[in-house]
Amino acid sequence: SQVTGVYIPGSGQTPGSNQSLFLSGANSNQTALFIDGIRITDPSTVNNTVDLSEISIHDIEKIEILRGSHSTLYGSAAIGGVINITTKNPSTKGLHSQGGISTGTFGSNTLLLNPFADLNYKFKNGFFISGMVDYSYVNGINATIDTSSDPSIFKSIDQDNWKRLSTGATIGYNNQQNQFKINYKYTQSETDIDRSAFKDDDNYILNYKRSTLSGAFSRVLKKNMKISLTGGVSGNERHAVNDSSIKSFNGEYDHTYTEDTYSGLNSNVDLILEKETKHIKFLGGIAGTREEMTTENYIYSAAFPGFVYE
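Just so it is clear, the structure is predicted and the values come from calculations on it, not from any experiment.

Student: In this structure, what is going on with the sheet that holds strand E13 (residues 225–243)? I would like to understand it.
Tutor: Strand pairing within a sheet occurs via backbone hydrogen bonds; the two strands may be parallel or antiparallel. Taken together, 10 strands build an open sheet; the order of strands is E7-E8-E9-E10-E11-E12-E13-E14-E15-E16 and the sheet is antiparallel. Across the chains shown, the open sheet's two edge strands, defined by having one partner strand only, are strand E7 (94–104) and strand E16 (307–309). Strand-to-strand, the axes of this sheet are offset by a mean angle of 5 degrees, without reference to chain direction. Bridge analysis of strand E15 (residues 281–301) against E16 gives three bridges, and the strand direction is antiparallel. Paired with Tyr 300 across the bridge in E16 is Val 308.

Written out as structure tokens, the structure reads:
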């Protein structure tokens, strides 16, 4: 978020708020996002944009930013540029681990808590295994703070929460000629959501989860020539439930129940051959991408007996 030309609304703001990336003035759905060479999208949303708050920063080794239109190499939606996130791999033999915890407050009756840990081991023959876990918890989020002193105005204010769990495991091998890696990641989050600014909703909960399985293989065929195969599949689901809202001093509710489920699945595979001469580098390949989504909506209203929409 501090790099010139990159704008990320939500970064450093309320934890759990949507974080979209805008690069070089292009829209958020015009910047391609890759994690270890695997394209990550969210087909269940209208603009197919990933919420960056689902990504754990503790597992990141480096972030590469490629500006400008690169659709020839990276497919559609790369008008603004390409962001490639590389996760950590053990570089030296033996056992390595790290962990930590951060905590704090941002007001009365609030709490932030973020413990994390990762562990990896690299064998002498080049094989390695690694795992990580990252947990974030925030209590006390509120979009309905009102300074009005009029006692006749009904206020129903609750402290909202956000929590996210990210886990991952990797197995791989590398030497001077061959490299391969298989990676699995799982992310789950739960968010309490207010209806809008100054309008509370104490029974609206959004659950989100994503599972990603990816793999990469590369081999040096001969001097200055390499072939690589990268592919993966990622599935995600957003499940929102709103079990009515209190609307009066007397504890009356709007007697409405809504439930929405948005599911997305995307997969991609890339086969690339590189050849480098003294002055020219040749690159050729073929790529395939598939995306699909499903949405289910259910509404029941007791205020209008018998009203059901599905």
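Back to the write-up after that little detour.
Student: Explain the packing of aromatic side chains to me, please; I cannot follow it from the model alone.
Tutor: Each aromatic ring pair is summarised here by two numbers: the centre-to-centre distance and the angle between the ring planes. Across all of its chains, the model carries seven aromatic pairs by this definition. Here the aromatic rings of Phe 127 and Tyr 173 are separated by 4.7 Å at their centres, their planes lie at 45 degrees, and the arrangement is tilted. Of this pair, Phe 127 sits in strand E9 (residues 127–141) while Tyr 173 sits in strand E10 (residues 160–174), and the two are 46 residues apart along the sequence. Assessed through its relative accessible area of 35%, Phe 127 is described here as partly exposed. A residue is classified by how much of its surface remains accessible, and Tyr 173, at 19% relative accessible area, is buried. Ring geometry for Tyr 257 and Tyr 298: centres 6.3 Å apart, planes at 65 degrees, overall edge-to-face. Of this pair, Tyr 257 sits in strand E14 (residues 256–276) while Tyr 298 sits in strand E15, and the two are 41 residues apart along the sequence.

Student: Just checking my understanding: could you explain the nonpolar core for this structure?
Tutor: The biggest cluster of nonpolar side chains holds 14 residues, and the ones touching the most others in it are Leu 21, Leu 33, Leu 52, Ile 55, Ile 83 and Ile 85. Going through the elements one at a time, strand E3 (31–35) and strand E6 (81–87) are the ones with two or more residues in this core. With residues near it in sequence (within four places) discarded, Leu 21 still touches Val 6, Tyr 7, Ile 8, Asn 27, Ser 28, Thr 31, Leu 52 and Ile 83.

Student: Help me understand the pairing of E9, please; the structure alone is not making it clear to me.
Tutor: For a regular strand, side chains alternate in direction, first toward one face of the sheet and then toward the other. Of the strand pairs in this sheet, strand E8 (residues 111–122) and E9 are connected by 10 bridges, and their pairing is antiparallel. Looking at E9, one finds that Phe 116 is bridged to Asp 134. A loop of four residues connects E8 with E9, the two strands running antiparallel in sequence, and Gly 126 in this loop sits at a positive phi of about 105 degrees. Bridge analysis of E9 against E10 gives 14 bridges, and the strand direction is antiparallel. The residue bridging Asp 134 from the neighbouring strand is Ser 166, located in E10.

Student: What is the right way to read the environment of Leu 206 from this model?
Tutor: Note on placement: Leu 206 falls in strand E12 (residues 204–222). Taking relative accessible area as the criterion, Leu 206 reaches 21% and is therefore assigned partly exposed. The spatial distance from the C-alpha of Leu 206 to the C-alpha of Gly 232 is 26 Å, given a sequence separation of 26 residues. Among residues more than four places away in sequence, those in contact with Leu 206 are Ser 189, Glu 190, Thr 191, Ile 193, Arg 238, His 239 and Ala 240.

Student: Before we go on, may I ask you to explain unusual backbone geometry in this structure?
Tutor: Residue Asn 224 is not a glycine yet carries a positive backbone phi of 65 degrees. Looking at the secondary structure, you find Asn 224 in the loop between E12 and E13. At His 255, a residue that is not glycine, the phi angle is positive and equals roughly 55 degrees. Mapped onto the elements, His 255 comes out in the loop between E13 and E14. Judged by relative accessible area, which is 45%, His 255 ranks as partly exposed.

Student: Can you walk me through the pattern of salt bridges in this structure?
Tutor: Opposite charge on two side chains allows them to pair when their charged atoms are near. The full count for this structure, using the stated rule, is six salt bridges. One salt bridge in this structure joins Lys 181 and Asp 36, with 3.5 Å as the shortest N-O distance. In this pair, Lys 181 sits in strand E11 (residues 178–192) while Asp 36 sits in the loop between E3 and strand E4 (38–39), placing the two residues 145 residues apart along the sequence. Taking the relative accessible area as the measure of exposure, Lys 181 reaches 15% and is therefore buried. Since its relative accessible area comes to 17%, Asp 36 is described here as buried.

Student: What should I look at first to understand the side chain of Ser 189 in this one?
Tutor: By the element assignment, Ser 189 lies in strand E11. Dropping the residues within four chain positions of it, Ser 189 is found in contact with Trp 162, Lys 163, Arg 164, Leu 206, Asn 207 and Tyr 208.

What counts and what doesn't
- Residues numbered from 1 in each chain as written.
- Predicted model: local features only at pLDDT ≥ 70, side-chain atom pairs only at ≥ 80, totals over all residues.
- Heavy atoms only, no water.
- Pairing = 2+ DSSP bridges.
- Helix = DSSP H or I, 4+ residues; strand = E, 2+ residues; numbered from the N terminus.
- Axes fitted to C-alpha atoms, helices over the stretch in contact; angles between N-to-C directions.
- Phe/Tyr/Trp six-rings, centres within 6.5 Å; stacked < 30°, edge-to-face > 60°.
- Buried < 20%, exposed > 50% of the residue type's maximum accessible area, 1.4 Å probe, protein only.
- Core = buried A, V, L, I, M, F, W, Y, C linked by side-chain atoms within 4.5 Å.
- Contact = heavy atoms within 4.5 Å.
- Salt bridge = Lys/Arg side-chain N within 4 Å of Asp/Glu carboxyl O.

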